Amino acid sequence: MSSTILNDILDYNQKFVEDHEYEKYETTKFPNKKMVILTCMDTRLLELLPKALNLGNGDAKIIKDAGALLSHPFGSVMRSILVALYQLKAQEVLVIAHHDCGMLGMKPEPVIESMKARGISEETLKTLTYSGIDIEQWLHGFDSVTESVEHSVDMIKNHPLMPNDVPVHGLVIDPKTGKLDLIVDGYKN
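First, a word on what this report is: a plain description of the structure on this page. Position numbers for residues start from 1 in each chain and track the written sequence from start to end. Reporting in this predicted model follows two pLDDT cut-offs: at least 70 for local features of residues, and 80 or more for side-chain atom pairs to be given and counted; totals over whole chains, interfaces and linings ignore these cut-offs and use all residues. Remark: hydrogens and water are excluded; side-chain values derive from all non-hydrogen atoms of the structure.

### Points about the packing of aromatic side chains
For clarity, the cut-off: Between rings of Phe, Tyr and Trp, where Trp is taken as its six-membered ring, a pair exists when centres lie within 6.5 Å; planes separated by under 30 degrees are stacked, by over 60 edge-to-face, and by other angles tilted. The criterion for a charge sitting over a ring is simple: Lys NZ or Arg CZ within 6 Å of the ring centre, and within 35 degrees of the ring normal.
A full pass over the atoms with the stated rule returns two aromatic pairs. An angle of 25° between the planes, with centres 6.4 Å apart, marks the rings of phenylalanine 16 and tyrosine 25 as stacked. Among the aromatic residues, those joined into a cluster by ring pairs are Tyr12, Phe16 and Tyr25. Across from the ring centre of phenylalanine 30, 4.3 Å away, lies the NZ or CZ of lysine 89, which sits over that ring.

Okay, structure coming up:
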């Protein structure tokens, strides 16, 4: 059998469990540092972001999506934030985007062309449009990382189900050095 990503993962996982490697990661479902973080799925942040924030396993709830964007007030990202606050003992929210993000200046046209090249039909795209989905707007990135962070913080802070006493902070991290720039201090807003 040829090696695949999934097979490699399963082989490694079997050894990981057999060797009890998981024991050093044991914790509870409640974040030790009482925070929930919305950040980008960028590969450079996988280990850098937790290290730059002094986070270990179990310290924070981390939600990742493209661009650290809260694009829908009743989507899965906001639901996850609310669950973390109401059920998992988080007390603060941090939105952490990063410089040099792929969503910065992203245009929908190349994405749509890639979809077509991989088999998504024009008919499917038209059906979405006729159903009220603005696929171009949905795929559009952002023009300023600072404004994007401010927008996400504002959407979270002003959500009708958001408790008033929860600070919502906005930051931008440098994906090379881990340096954080404070955009919104949730203690002051």
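Resuming the write-up.
### A look at helix α3 (residues 76-86)
The condition that has to hold: Burial classification: accessible surface area is computed with a 1.4 Å probe over protein chains only, and a residue below 20% of its type maximum counts as buried, one above 50% as exposed, and the rest as partly exposed. Under the DSSP-based scheme used, a helix requires at least four consecutive residues in state H or I and a strand at least two consecutive residues in state E, with every element numbered from the N terminus. Comment: arc refers to directions from the helix axis out to C-beta atoms.
Turning to α3, its buried residues number three or more, namely Val77, Met78, Ile81, Leu82, Ala84 and Leu85. The buried residues of α3 occupy one face: seen down the axis, they fall within an arc of 160°.

### Points about the layout of surface pockets
Rolling a probe over the atoms, with the probe sized like a water molecule, indicates the empty space that remains. In plain terms, the rule: Only protein atoms enter the calculation, which uses a 1 Å grid: trapped sets of points that fit a 1.4 Å probe without letting it out are cavities, open sets showing protein on both sides within 12 Å along at least five of seven lines are pockets, and any residue with an atom within 4 Å of a point is a lining residue. Grid points are joined across faces, edges and corners, and a volume is the space filled by probe spheres set on the points. Under the convention adopted here, Pro, Cys and the residues Ala, Val, Leu, Ile, Met, Phe, Trp and Tyr are nonpolar, Asp, Glu, Lys and Arg are charged, and Gly plus all remaining residues are polar.
By volume, the largest pocket amounts to about 550 Å³. Secondary-structure elements contributing two or more residues to the lining of the largest pocket are α6 (135-139) and α7 (145-157). Among the residues making up the lining of the largest pocket, the classes are represented as eight nonpolar, eight polar and three charged. Roughly 230 Å³ of internal volume is contained in the second largest pocket. Every residue along the wall of the second largest pocket is listed here: Leu46, Glu47, Pro50, Lys51, Leu55, Gly56, Asn57, Gly58, Asp59, Ala60, Ile62 and Lys64.

### Overview of unusual backbone geometry
In the Ramachandran plot, histidine 20 falls in the positive-phi region, its phi being about 60° despite a non-glycine side chain. With respect to the secondary-structure elements, histidine 20 resides in the loop between α1 (5-18) and β1 (35-40). Phi at asparagine 54 takes a positive value of approximately 60°, unusual for a residue other than glycine.

### Comments concerning the pattern of salt bridges
Oppositely charged side chains can pair when the atoms bearing their charge come close. Cut-off, in case you're wondering: Salt bridges are defined as contacts in which a side-chain nitrogen from Lys or Arg sits within 4 Å of a carboxyl oxygen from Asp or Glu.
Tallied over the entire structure, the rule returns eight salt bridges. The partner of aspartate 42 in a salt bridge is arginine 44, with the nearest N and O atoms 2.8 Å apart. Relative accessible area serves as the criterion here: at 16%, aspartate 42 is assigned to the buried category. A residue is classified by how much of its surface remains accessible, and arginine 44, at 32% relative accessible area, is partly exposed. Glutamate 113 serves as the salt-bridge partner of lysine 116, at 3.6 Å between the closest nitrogen and oxygen. Separated by three residues within a single helix, lysine 116 and glutamate 113 lie in helix α4 (residues 108-117), roughly one turn from each other. Residue lysine 116 is classed as partly exposed on the basis of its relative accessible area of 31%. Glutamate 113 sits in the partly exposed class, given a relative accessible area of 46%. Each of the salt bridges in this network shares a partner with another, and the network as a whole consists of Asp42, Arg44 and Asp100.

### Comments concerning the environment of threonine 146
Looking at the element boundaries, threonine 146 is found in helix α7. Between the alpha carbons of threonine 146 and valine 172 there is a distance of 7.4 Å; along the sequence they are 26 residues apart.

Read these as layout, nothing more, since geometry by itself doesn't imply function.
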